[in-house]
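Working through the structure, step by step
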Amino acid sequence: MPIHIAVIGKHQEIKAVLMRLINQNEAFTGTAADTFDELVDDNRIDQVNLVLLSAGLTAEEELKIKERILSEYPHIKVIPHYGGGSGLLMNEINEALS
């Protein structure tokens, strides 16, 4: 059963690269959104195991997402990722899931 990863960010090109890298890995499936509310409103949040915070979010937006996940979806892990290559991304994901 694959790990479902949601990428939240406002930088479309970076989000597209992250989605490509995530979906290349057979152990993962990915979905992307500009906001956390978009995931919830589209009922995609129910399958998510990990939220990846990406480029374009303000510090306040990141904090609100983290607080909401902690209070409403405590089983979901949250990690920031702003770039650094596919190796770093996979290491961050694997570390968060371990």
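For the structure itself, look to the data block above.
Conventions we followed
Residues numbered from 1 in each chain as written. Predicted model: local features only at pLDDT ≥ 70, side-chain atom pairs only at ≥ 80, totals over all residues. Heavy atoms only, no water. Helix = DSSP H or I, 4+ residues; strand = E, 2+ residues; numbered from the N terminus. Expected span 1.5 Å × (residues − 1). Buried < 20%, exposed > 50% of the residue type's maximum accessible area, 1.4 Å probe, protein only. Arc of directions from axis to C-beta. Salt bridge = Lys/Arg side-chain N within 4 Å of Asp/Glu carboxyl O. Core = buried A, V, L, I, M, F, W, Y, C linked by side-chain atoms within 4.5 Å.

1. Describing helix 1 (residues 12–24)
Here helix 1 is 13 residues long and its end C-alpha atoms lie 18 Å apart, about the 18 Å a rise of 1.5 Å per residue gives. Turning to helix 1, its buried residues number three or more, namely Lys 15, Leu 18, Met 19, Leu 21 and Ile 22. Each buried residue of helix 1 lies within a common arc of 165 degrees when the element is viewed along its axis, so the set occupies one face. Along helix 1, exposed side chains directed more than 90 degrees from the buried face belong to Glu 13 and Gln 24.

2. Describing the pattern of salt bridges
Tallying each qualifying case throughout the model produces 7 salt bridges. Ionic pairing is found between Arg 44 and Asp 42, a salt bridge with its closest N-O pair at 3.2 Å. Owing to a relative accessible area of 45%, Asp 42 belongs among the partly exposed residues under this scheme. Residue Glu 72 is joined to Arg 68 by a salt bridge in which the shortest nitrogen-to-oxygen separation is 3.2 Å. Linking Glu 72 with Arg 68, this pair stays in helix 3 (residues 59–72), spanning 4 residues, or about one helical turn. According to the relative accessible area criterion, Glu 72 is partly exposed, its value standing at 44%. When salt bridges that share partners are traced, they join Asp 37, Arg 68 and Glu 72 into one network.

3. What to know about the nonpolar core
With 15 residues, the main nonpolar core has Phe 36, Ile 45 and Val 51 as its most contacted residues. Every element with two or more residues in this core is listed here: strand 1 (3–8), helix 2 (36–41), strand 3 (50–53) and helix 3. Looking at this core, the element that brings in the most residues is helix 2, giving 3 residues. One finds Val 7, Met 19, Phe 28 and Ile 79 within the second-largest nonpolar core, a separate group that totals 14 residues.

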